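# Chain and residue survey
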Amino acid sequence: MIRISTSNTTRLVLLVLLLGLGGCRLEKQLDGQVVDFATGLPLADARLSVLQTGWGVSDGRLVWDKTFRSSTYSDRQGSFRLRYR
């Protein structure tokens, strides 16, 4: 027979909540410059994309296989800022 005290139950609930929150994604940012491999010159209007799958929220519930898509373009100097989850 296994006995679970209230304090152990509380710890288990907190652990489950923390594991669930680990799947929540905060927005991140990637800055950089796109250059031509051969010449080293900046490339303008290059499209950069990130496709991620993992935990997400759908209808207020935590679900697996949520897809996150983010994209941006480089400017005239080849610089870009890509925000993603």
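Residues numbered from 1 in each chain as written. Predicted model: local features only at pLDDT ≥ 70, side-chain atom pairs only at ≥ 80, totals over all residues. Heavy atoms only, no water.

Secondary structure summary: the protein contains one helix and four strands in total. Helices and strands in the protein line up, N terminus first, as α-β-β-β-β. Burial statistics for the protein: of 85 residues in total, 18% are counted as buried. At a minimum sequence separation of 6, the contacts of the protein that also span at least 24 residues come to 55%. Accessible surface, the protein as shown: approximately 7,200 Å² in total, 56% of it carbon and sulfur. (Helix = DSSP H or I, 4+ residues; strand = E, 2+ residues; numbered from the N terminus. Buried < 20%, exposed > 50% of the residue type's maximum accessible area, 1.4 Å probe, protein only. Contact = heavy atoms within 4.5 Å. Areas by Shrake-Rupley, 256 points an atom, 1.4 Å probe, with all protein chains shown as cover.)

A surface patch of nonpolar side chains, amounting to about 420 Å² of accessible area, comprises Trp55, Val57, Leu62 and Trp64. The exposure class assigned to tryptophan 55 is partly exposed, which follows from its relative accessible area of 38%. (Patch = residues over 30% accessible without salt bridge, like charges linked within 9 Å, V, L, I, M, F, W, Y side chains within 5 Å. Salt bridge = Lys/Arg side-chain N within 4 Å of Asp/Glu carboxyl O.)

As a further point, take the side chain of serine 74. Structurally, the position occupied by serine 74 is in the loop between β3 (61-73) and β4 (79-84). There is a polar contact of 2.7 Å between the side chain of serine 74 and the backbone oxygen of leucine 43. For serine 74, the side chain forms a polar contact with the main-chain nitrogen of alanine 46, separated by 2.9 Å. (Polar contact = N/O pair within 3.5 Å; in protein donor to acceptor, adjacent residues only side chain to side chain.)

So, on to the pattern of salt bridges. In total, this model carries two salt bridges according to the counting rule given. Aspartate 31 is the salt-bridge partner of arginine 81, the closest N and O atoms lying 2.8 Å from each other. Of the two residues, arginine 81 is situated in strand β4 and aspartate 31 in strand β1 (residues 28-33); the sequence distance between them amounts to 50 residues.

Our next topic: the environment of glycine 32. Tracing the chain through its elements places glycine 32 in strand β1. Along the primary structure glycine 32 and glycine 78 are separated by 46 residues, whereas in three dimensions their C-alpha atoms are 8.2 Å apart. Sequence-distant contacts of glycine 32, defined by excluding residues within four places in its chain, comprise Gly78, Ser79 and Phe80.

The next subject is the confidence of the model for the protein. Across the protein, pLDDT averages 76, with 69% of residues at or above 70. Here residues 1-23 is modelled with pLDDT under 50, and outside its nearest four sequence neighbours on either side it reaches three contacts, counting other chains as well. (pLDDT = per-residue confidence, 0-100.)

This part takes up the environment of leucine 43. Turning to its location among the elements, leucine 43 is positioned in the loop between β1 and β2 (47-58). For leucine 43, a relative accessible area of 34% puts it in the partly exposed group. When the C-alpha atoms of leucine 43 and glutamine 77 are compared, they prove to be 6.9 Å apart, with 34 residues separating the residues in sequence. Those residues within four positions of leucine 43 in sequence are excluded, and the remaining contacts are Val34, Val35, Asp36, Ser74, Asp75 and Gly78.

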